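Spelled out, the chains give:
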Amino acid sequence: MNVLKFGGSSVANAATIEKVIAIIKEQAKRESLFVVVSALGGVTDLLLLAGKQASSNNEEYKDTLAEIERRHFDIIKTLIPVASRSAIMSKVKAEFNTLESLCEGAFLLSELSEKTAAVISSFGELLSSYIITEAAKVKGLDIALKDAREIIVKTPDSKVAVDYTETNKRITAFASQFKNDICLLPGFVAKTSDGEPATLGRGGSDFTAAILAAALNTKELQIWTDVSGMFTANPKLVKQAKPVDHISYHEAMELSHFGAKVIYPPTIHPVLEKNIPILIKNTFEPKDKGTLITRNVETRKKSVTGISHIDHISILSIEGSGMVGIPGFSKRLFEALFFENINVILITQASSEHSICLAIETHYAERAKHVLSTTFEFEISKNKLEPIKIENNNAIVALVGDNMYQHQGLSGKMFSTLGKNNVNIRAIAQGASEKNISVVIEDKDIKKALNTLHERFFEVKTKQLNLFVTGVGNVGSKLLEQLDQQNEYLKNKLRLKIRVVGLSNSKKMIFKETGIALNQWSELLKQGKKANAQEFFETAKKMNLRNSIFVDNTANPDIAKIYRYYLSESMAVVTCNKIACADEYSNYEELQDLSRKFDASFLYETNVGAGLPIINTLSNLIASGDTIHKIQAVLSGSLNFVFNNYKQGTNFYDIVKQAQEEGYTEPDPKIDLSGIDVARKILILARESGRVMELENIENDAFLPQESLDTDNVDDFFDSLKANESHFNELLTKADEQNCRLKYVAQYENEMAKVGLQHISPDHPFYNLEGSDNIVLFYTDRYAEQPLIVKGAGAGAEVTASGIFADIIRIGKK
């Protein structure tokens, strides 16, 4: 003998009911069955709504009842042949007449008593069980209907307490006389020992099935639903969630208590005592393995079995000196809530006894505050207690697992994982058995918290990064190309899954939580909404994704100004935009402080030397205790390209134009040729060395004529280069006469910095610097005579993009 229960989603319509009948028919070939069914999906809510509407004198209750009636009659017309339909429809219509009379009474009295609400809500199961039984008979099953109210007896004045002695007696007596292969019963419904109508609480059909299984001592209890078992997390919120093959009763109780909707919490108690396994199966995928729930699970090695949550939670805080060391204070507190039927989901109390924090369902919050304010009115009036405080819009997230007590540091991993993603923990609770760690967080952080924790405890091999990228010009487009090209390598070798979820240029912006297709980003961006830097940030904040990284591929000062907002939301920032780090020192310092405060990486390796590890090398020197005495560098790939290619017989204008076209300069080449770009770079290196310095402190020996410096647009700048060719030729000729090469050099020494064009002799390391290469010489305590040299390509969209890419990977590996 076996007991099967089918939930509302399994019997939602004619098509799903046919699947249910097919499952029952197949199992009935092997053994006799007791089958429990819920109301049609959503019907119980509609019934309660109709009752509430009627008691509020809202005549829309008639429309609600009509909708419920239509759904049931549609199923009858689909599943029952015309020849057999009349009697069934008459029976169902009579039930709806009774239901309508009950609602009319509530309408006239403007009242809905608890007893009447129980009767109204029970119609869903009574109707579905009758229709399904008749439909199964049509399919040739040997089946009979039994009204569960005749055998399940509930204790009066209790929400779910069952009189097991009387109930078990009635069930076994009935089963001994039952002769059919299949007995089908409505779930959820019961009667009290006084004969009054009652229900077993929301989700009580599971309870009905468990009570039957325990009384009949069946080999198994099967719960058929719309998912393939209990998952490691809610699959609707965590796409990577996986079914758990086997869990213990205790784990199932913890997970179901904390929001796993697959089973109803009290379900497990009756079968737990009899050691009867529970099997969770999927009505729509009956061949899936499902989840087996038993007393013990011997083979599992994982510390955490699942992550669950409850939303719509409020926190009540009671604090004050009037509760310290006062015997019976907690008794008064919980007794007051008990008498109001307010369930406390989570409790924390400071060891000083100065405060108690309670988590309850939000719809009880105001009532609970009123009750406790009344109970402790005297203490509050004497300032021994603070007024009761309520915080709404919270949720509880729980890690659950029988093996958690065997693994050290789980709490730390949980808290640090949430903290790194800017998920604030309001309260913490852990049972003495160490099988559950629960935290209260804000509602808005649920999805991010669940995904972050799931990634930490179940997807340790792969870490997902969510990128918000602004700037898709030369550098930005190359970065997107590299991300697309390296996608499989990152997943297979580095265990990183990188998604671009936000993308913007100066005109348009788009967002897609599941990731923008990088092979068609250009076309998709054209269809986006109007770009706005502040709105881009606000959308990224609202999306609230774990491991979020803002990537700035622009040279826009307005974009640089909003880095602080991203860092303050624990979103990492990766940028090739030098303006932020070369801005006023106070701004640079603020960004560093925010990065540390909110544990959000702020990486800008490409600010100096494109993809070369210059800043990282400098940071490592300082972190290891070395002292920087002098930095000499050629930091402009643009200027190096220009002066390496500017020779006698060439034209300075043509060389600069070539550099611009090949992507070696900024869109406005004056930024490079004026030396301001190099000055910013040496300023950043000076600051990274520990020096407080401003851009105006740097001596800039400009080689451009004043006419070029005074231009205010690119065309005029290029015209000035043509007009001043003799000036540039004179610079070249003087260098040639001394057998030297022209290099634009940056230097930091004795806490002073300067940039300018220099004649470099053949014996200097800078002399043979070719193309657009950069070179940096670090003179330190350890590298006093022979400097530490970093040399390589220092300009170009591809190498700059690779440097940004490297910073993103650094964050992923953090």
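Our subject is the structure that appears above.
So, how was this worked out
Residues numbered from 1 in each chain as written. Predicted model: local features only at pLDDT ≥ 70, side-chain atom pairs only at ≥ 80, totals over all residues. Heavy atoms only, no water. Buried < 20%, exposed > 50% of the residue type's maximum accessible area, 1.4 Å probe, protein only. Helix = DSSP H or I, 4+ residues; strand = E, 2+ residues; numbered from the N terminus. Pairing = 2+ DSSP bridges. Core = buried A, V, L, I, M, F, W, Y, C linked by side-chain atoms within 4.5 Å. Contact = heavy atoms within 4.5 Å. Axes fitted to C-alpha atoms, helices over the stretch in contact; angles between N-to-C directions. Parallel < 35°, antiparallel > 145°, perpendicular 65-115°, else oblique. Left-handed = near helix turned anticlockwise from the far one by under 90°. Nonpolar A, V, L, I, M, F, W, Y, C, P; charged D, E, K, R; others polar. Disulfide = S-S within 2.5 Å. Phe/Tyr/Trp six-rings, centres within 6.5 Å; stacked < 30°, edge-to-face > 60°. Lys NZ or Arg CZ within 6 Å of the ring centre and 35° of its normal. Salt bridge = Lys/Arg side-chain N within 4 Å of Asp/Glu carboxyl O.

A short note on the pairing of strand 13 (residues 346-349)
Then comes step 1: Covered by surrounding structure in strand 13 are L346 and T348 only, the residues I347 and Q349 on the alternate face being uncovered.
Then comes step 2: Both strand 13 and strand 14 (residues 355-361) contribute to a ladder of 4 bridges, which runs antiparallel. Following the sheet pairing, T348 is matched in strand 14 by C357.

A few points about the nonpolar core
Then comes step 1: The biggest cluster of nonpolar side chains holds 77 residues, and the ones touching the most others in it are L635, F652, I682 and F703.
Then comes step 2: It is helix 26 (residues 676-688) that contributes the most residues to this core, 7 residues altogether.
Then comes step 3: Leave out the neighbours within four places in its chain, and F703 touches L639, F643, F652, L673, H727, F728, L731, Y744 and L757.
Then comes step 4: Core analysis: the next-biggest nonpolar cluster, separate from the first, contains 48 residues, I151, L185, M253 and I278 among them.

Comments concerning the packing of helix 1 (residues 14-28) against helix 3 (residues 61-79)
Then comes step 1: Orientation of helix 1 relative to helix 3, taken along the N-to-C sense of each, is 55°, at an axis distance of 9 Å. When the axes of helix 1 and helix 3 are compared, the pair comes out oblique. As helix 1 runs across helix 3, the sense of the crossing is right-handed. Across from A14, I17 and E18 in helix 1, the residues of helix 3 making contact are I75, T78 and L79.
Then comes step 2: A class-by-class count of the residues in the contact of helix 1 with helix 3 yields 4 nonpolar, 1 polar and 1 charged.

Notes on the state of the cysteines
Then comes step 1: Within this structure, the stated rule accounts for 0 disulfides.
Then comes step 2: Lacking any disulfide linkage, C576 is separated from the closest cysteine sulfur, that of C581, by 11 Å.
Then comes step 3: A residue is classified by how much of its surface remains accessible, and C576, at 10% relative accessible area, is buried.

Considerations on the packing of aromatic side chains
Then comes step 1: By the definition in use, this model includes 27 aromatic pairs.
Then comes step 2: Ring geometry for F652 versus F703: centroids 6.4 Å apart, planes at 85°, classification edge-to-face. Taken together, the residues span a long stretch of sequence, with F652 in helix 24 (residues 652-661) and F703 in the loop between strand 26 (699-701) and helix 27 (706-709) at a distance of 51 residues.
Then comes step 3: Residue class for F652 comes out buried when judged on its relative accessible area of 0%.
Then comes step 4: Plain terms: the ring middles of F703 and Y744 are 6.0 Å apart, the flat faces sit at 65° to each other, and that makes the pair edge-to-face. One end of the pair, F703, is in the loop between strand 26 and helix 27; the other, Y744, is in strand 27 (residues 741-749), with 41 residues separating them in the sequence. Comparing F703 with Y744 shows no difference in burial state: the two are buried.
Then comes step 5: Ring pairs connect the aromatic residues F468, F511, F536, F537, F550, Y563, Y565, Y566, F602 and Y604, which therefore count as one cluster.
Then comes step 6: Above the plane of the ring of F457 lies R456, whose end atom (NZ or CZ) is 5.9 Å from the centre.
Then comes step 7: Over the ring of F718 we find K657, and its NZ or CZ is 4.5 Å from the ring centre.

Digging into the pattern of salt bridges
Then comes step 1: Applying the stated criterion across every chain yields a total of 40 salt bridges.
Then comes step 2: A salt bridge links E26 to R30, with the shortest nitrogen-to-oxygen separation between them at 3.9 Å.
Then comes step 3: Take E26: its relative accessible area is 41%, and that puts it in the partly exposed class.
Then comes step 4: Residue class for R30 comes out exposed when judged on its relative accessible area of 57%.

Some points on the sheet that holds strand 28 (residues 752-760)
Then comes step 1: Reading across the sheet, the 6 strands line up as 26-28-27-25-29-30 and stay open at both edges, with mixed pairing between neighbours. Only two strands of the sheet have a single neighbouring strand rather than two, namely strand 26 and strand 30 (788-793). Adjacent strand axes in the sheet meet at a mean angle of 20°, parallel and antiparallel pairs treated alike.
Then comes step 2: Both strand 29 (residues 773-780) and strand 30 contribute to a ladder of 6 bridges, which runs antiparallel. Pairing of N774 across the sheet is with G792, part of strand 30.
Then comes step 3: Contacts from helix 26 reach strand 25 (628-634), strand 26, strand 27 and strand 28 within the one sheet, and its direction differs from that of strand 27 by about 30°.

Brief notes about the sheet that holds strand 6 (residues 189-192)
Then comes step 1: Strand order in this open sheet of 3 strands is 4-6-7, and the pairing throughout is mixed. Of all strands in the sheet, those with a lone pairing partner are strand 4 (153-154) and strand 7 (197-199), marking the two edges.
Then comes step 2: Sheet topology places strand 4 next to strand 6; 2 bridges connect them, and they run parallel. Counted as the bridge partner of V153 is K191 from strand 6.
Then comes step 3: Packed on one face of the sheet, helix 5 (residues 114-138) meets strand 6 and strand 7 and runs near 70° to strand 7.

As for the packing of helix 24 against helix 28 (residues 714-723)
Then comes step 1: Between helix 24 and helix 28, the least distance of the axes is 8 Å, while the angle of their chain directions is 145°. Where helix 24 abuts helix 28, its residues F652, Y653, V656, K657 and Q660 lie against V714, F718, L721 and K722.
Then comes step 2: A per-class count over the contact of helix 24 with helix 28 returns 6 nonpolar, 1 polar and 2 charged.

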